[in-house]
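Observations on the model geometry
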There are 2 protein chains.
Amino acid sequence: MPQTAAPAVKKPSRIQLRNRRKILDAALDVFSQHGFRGATLDQIAETAGLSKPNMLYYFDSKEAIHVELLNALMAEWLAPLEEMHPDGAPLDELLGYITRKMEMSRTYPRESRLFANEIIQGAPRILPDLNQRLKPLFDEKCALIRTWMAAGKLAPMDPGQLLFSIWAITQHYADFDAQVQVLMPDADAAWESARHHVDTLFRKLLTP
Amino acid sequence: MPQTAAPAVKKPSRIQLRNRRKILDAALDVFSQHGFRGATLDQIAETAGLSKPNMLYYFDSKEAIHVELLNALMAEWLAPLEEMHPDGAPLDELLGYITRKMEMSRTYPRESRLFANEIIQGAPRILPDLNQRLKPLFDEKCALIRTWMAAGKLAPMDPGQLLFSIWAITQHYADFDAQVQVLMPDADAAWESARHHVDTLFRKLLTP
DNA sequence: TCGTGGCTTGACCAAATGGTAAAAAACATC
DNA sequence: GATGTTTTTTACCATTTGGTCAAGCCACGA
């Protein structure tokens, strides 16, 4: 018996890794800007610098690319919430989470818009993930926040609504960037101001 | 000289009014769910209960329908903000505005998603409106809020960031409804809870 | 250096898409 | 009921779209 089981699929070559990465990056561009149905394979292929048939050599279909993107995204999206630990100082844990989410909006706006597009359009392809991965984590963290509030460490409120508020505000800066840029033309200053505002807002809200 | 100038276009017939309304309503359904590029004329026509050529008898093109929707929407969208008056009690004026926005999210979720889709996708068709209609109103109301804060009637903060937070949270319930429904299955209870949470949040934030 | 298997391409396809032209039907008005 | 106007339909078109296929290329290990 071999020490390690033979891999079901051979390990991908350098070329495969490179091209799959190029395709996913291009697809993120296009899907996040136009949504699933508004995106075209030709546009993704051109952005990736590959021919369309070549692209379909690496992915079975348009939907396969989209699903792969969403799966990867879901993990990255949950990570900051998972890092909120029961044994830290409650206010610091929550404000830390908020800061992490703000930085994600700044660093990965395309991912944020991809997710927003999918949800706005009724989450047709990510609904199972929402139920199986997000829901349990959401319930767990709600329970945790509730114990913190019961212990008088945080101002009492509905933990679910609190998380909604956090998500709404932090993602707004990525998703509605076009609007923010019109209303606050100096992007760098706007971001600095936003960081400070969001931290202050939730600090005031959460302090008992 | 006639008392009233002859109208450039004859007043629309009952049939025209009815069919244009049916088309715009169907288009709102489809555009808000799939975005501009993801929506198809066939789908809009079928939803409206008209043939595609018949629909194109009332509107010149797909883009014409979309633009008409966005124009009408912009007015409705600005109205609640315009109603925030300088001579009212500052806290009541702002909380009233927030309540109005929450009710709009509840009553017109399709309109909210139409707007969200357009902005997420870079506002290609509504950018002029954003600059010419939203920006002046935004600046005016920011100035008003600033005077209220300077007078000690409200806790001091960046008024622009405050408005962003209001928009983000209130629209979240319409735009991310699919996610909210997964995490809070009882929709009616969720809305009641949301109303209370949002009012409490901003009351606490704004009280000096 | 020579196969050989992974990678790439050009040509192609059926269906869908935005849109048009003209005739037919419905309607209003006299 | 004749007449002109508005509305609707039928048939159609060029382009785009997601996807296939067979043949060719090329990198790399023997």
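Residues numbered from 1 in each chain as written. Chains lettered and ligands numbered in written order. Predicted model: local features only at pLDDT ≥ 70, side-chain atom pairs only at ≥ 80, totals over all residues. Heavy atoms only, no water.

1. Overview of the protein's contact with DNA strand D
Around DNA strand D there are 19 residues in total, and Leu41(A), Lys52(A), Lys62(A), Ser13(B) and Tyr58(B) lie nearest to it. Here, DNA strand D places atoms within 4 Å of the protein, and 60% of those atoms are sugar or phosphate. One nitrogen or oxygen atom from the main chain of Leu41(A) is found 2.7 Å from a phosphate oxygen belonging to DNA strand D. At 2.8 Å from a phosphate oxygen of DNA strand D is found a main-chain nitrogen or oxygen belonging to Lys62(A). The set of elements that each furnish at least two residues to the surface near DNA strand D consists of helix H3 (52-58) of chain A together with helix H1 (14-38) and helix H3 (52-58) of chain B. If you tally residues by element for the surface near DNA strand D, the top one is H3(B), at four residues. (Near = heavy atom within 4 Å. Polar contact = N/O pair within 3.5 Å; in protein donor to acceptor, adjacent residues only side chain to side chain. Helix = DSSP H or I, 4+ residues; strand = E, 2+ residues; numbered from the N terminus.)

2. Details of the domain arrangement of chain A
Residue and element names in this part refer to chain A. Split into domains, chain A comes out as domain 1 (13-60) and domain 2 (62-206). Taking the mean C-alpha position of each, domain 1 and domain 2 sit 27 Å from one another. Listed as interface residues are 17 residues of domain 1 and, on the opposing side, 14 residues of domain 2. Both sides together, the interface formed by domain 1 and domain 2 hides about 1600 Å², and carbon and sulfur atoms give 68% of it. In terms of surface lost to domain 2, no three residues of domain 1 exceed Leu28, Ser32 and Phe36, which account for 42% of the buried area on that side. Linking domain 1 to domain 2 there are three salt bridges. (Domains from an automatic or database assignment. Contact = heavy atoms within 4.5 Å. Buried area = accessible area lost by both parts, 1.4 Å probe. Salt bridge = Lys/Arg side-chain N within 4 Å of Asp/Glu carboxyl O.)

3. As for the environment of Ala45(B)
All names here are of chain B. Note that alanine 45 resides in helix H2 (residues 41-48). Exposure remark for alanine 45: the relative accessible area of 3% places this residue in the buried category. C-alpha separation for the pair alanine 45 and aspartate 177, spaced 132 residues apart in sequence, amounts to 26 Å. With near-sequence residues (within four places) excluded, alanine 45 lies in contact with Leu50, Ser51, Lys52 and Met55. (Buried < 20%, exposed > 50% of the residue type's maximum accessible area, 1.4 Å probe, protein only.)

4. A word on the protein's contact with DNA strand C
With respect to spatial proximity, 18 residues lie near DNA strand C, and among them Ser13(A), Gln16(A), Tyr58(A), Leu41(B) and Lys52(B) are the closest. Asn54(A) places a polar side-chain atom, nitrogen or oxygen, 3.3 Å from a sugar or linking oxygen of DNA strand C. Between DNA strand C and Leu41(B), the relevant distance is 2.7 Å, taken from a phosphate oxygen to a main-chain nitrogen or oxygen of the residue. Looking at the surface near DNA strand C, the elements with two or more residues in it are helix H1 (14-38) and H3 of chain A together with H3 of chain B. With four residues, H3(A) is the largest single contributor of residues to the surface near DNA strand C.

5. Some points on the pattern of salt bridges
For the coordinates displayed, the defined rule picks out 26 salt bridges over all chains. Arg203(A) is paired through a salt bridge with Asp199(A); the nearest N and O atoms lie 3.3 Å apart. Remark: Asp199(A) and Arg203(A) occur in helix H10 (residues 187-206); sequence separation between them is four residues, near one turn of the helix. Overall, Arg203(A) belongs to the partly exposed group, its relative accessible area being 38%. Judged by relative accessible area, which is 25%, Asp199(A) ranks as partly exposed. In this structure, the salt-bridge partner of Glu83(B) is Arg100(B), at a minimum N-O distance of 3.4 Å. With a gap of 17 residues between them, Glu83(B) in the loop between helix H4 (62-82) and helix H5 (90-107) and Arg100(B) in helix H5 connect regions that are remote in the sequence. Of the residues examined, Arg100(B) reaches a relative accessible area of 24% and is grouped as partly exposed.

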